[in-house]
Amino acid sequence: CETLTDDAGDCGTVTYTLIPAAQEALRIAWRSCAGSIEHYSFPVIRSTTLRVAKQRAEGIDGVLVTAAESLRETVLESAYETPETLEALAGLLLSPDVWILRNGEYVPVDVRSEEAVIQRHGMLCSLEIVVRPKNNPSWN
């Protein structure tokens, strides 16, 4: 079924069109509090931020960068889900083991979010989280 039409009589008609999942959806896996491995595809990559911290020294030749560290954070938003589904999904904030599935491999990530931000759009709800690579390269 690609299109669903709901005729509400005097209130009008609502037509829903199903679209395929976005190509850029990010599949996340995590160990639940029960010990099982759960999976969810976040269809929206809200943003990716690259932060750089530099150590500098000033000498006779001017300012020199002596070391630099980068951190990449990605903000993900779930699909519109029921509150019960979002409650279960928020469990990934508690998990010590979280991965992104990339090319069939589980890549460890750190969930930076310390709270589950549930975006409400009327009756629809979504969850927003921030993740970063767990094995972030250290100072160069």
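Described below are features of the structure shown in this document. (Residues numbered from 1 in each chain as written. Predicted model: local features only at pLDDT ≥ 70, side-chain atom pairs only at ≥ 80, totals over all residues. Heavy atoms only, no water.)

## Looking at the side chain of Ser 78
Using the following cut-off: We count a stretch as a helix when DSSP gives it H or I for four or more residues in a row; a strand needs E for two or more, and each element gets its number in order from the N terminus. Remark: exposure states derive from per-residue accessible area (1.4 Å probe, protein chains only) relative to the maximum for the residue type, with buried under 20%, exposed over 50%, and partly exposed in between. For this analysis, a polar contact is any N or O atom pair within 3.5 Å, provided that within protein one partner can donate a hydrogen and the other can accept it, and provided that sequence-adjacent residues contribute only side-chain to side-chain pairs. Contact definition: two residues touch when any of their heavy atoms are within 4.5 Å.
Relative to the helices and strands, Ser 78 is located in the loop between strand S6 (62–77) and helix H1 (83–89). Given a relative accessible area of 3%, Ser 78 falls into the buried group. One polar contact links the side chain of Ser 78 to the main-chain amide nitrogen of Leu 127, over a distance of 2.8 Å. Excluding residues that lie within four positions of it along the chain, Ser 78 makes contacts with Tyr 40, Phe 42, Pro 43, Leu 86, Leu 89, Ser 126 and Leu 127.

## Some details on the pattern of salt bridges
Inclusion rule: A carboxyl oxygen of Asp or Glu within 4 Å of a side-chain nitrogen of Lys or Arg is what we treat as a salt bridge.
Evaluation of the coordinates by the stated rule reveals five salt bridges. Notably, a salt bridge pairs Glu 77 with Arg 46, separated by 2.1 Å at the nearest N-O pair. With Glu 77 in strand S6 and Arg 46 in strand S5 (residues 44–59), the pair connects residues that are 31 residues apart, well separated along the chain. With relative accessibility at 6%, the residue Glu 77 sits in the buried group. Among the ionic pairs, Asp 110 bridges to Arg 132, the shortest N-O distance being 2.8 Å.

## Digging into the packing of aromatic side chains
What counts here: Only centres within 6.5 Å qualify two rings of Phe, Tyr or Trp (six-membered ring in Trp) as a pair; their planes then separate them into stacked at under 30 degrees, edge-to-face at over 60, and tilted for everything else.
As enumerated under the stated definition, the model contains two aromatic pairs in all. Between Tyr 40 and Phe 42, the ring centres sit 5.0 Å apart and the planes meet at 75°, which makes this aromatic pair edge-to-face. For the pair shown, Tyr 40 and Phe 42 are each scored as buried. Between Trp 99 and Tyr 106, the ring centres sit 6.0 Å apart and the planes meet at 90°, which makes this aromatic pair edge-to-face. Given a relative accessible area of 44%, Tyr 106 falls into the partly exposed group.

## Brief notes about the pairing of strand S4 (residues 37–42)
Counted only if it meets this: Only when DSSP finds a minimum of two bridges between them are two strands counted as paired.
Sheet topology places strand S3 (residues 26–31) next to S4; six bridges connect them, and they run antiparallel. Considered in S4, the bridge of Arg 27 is made with Ser 41.

Nothing here speaks to function; it is geometry throughout.
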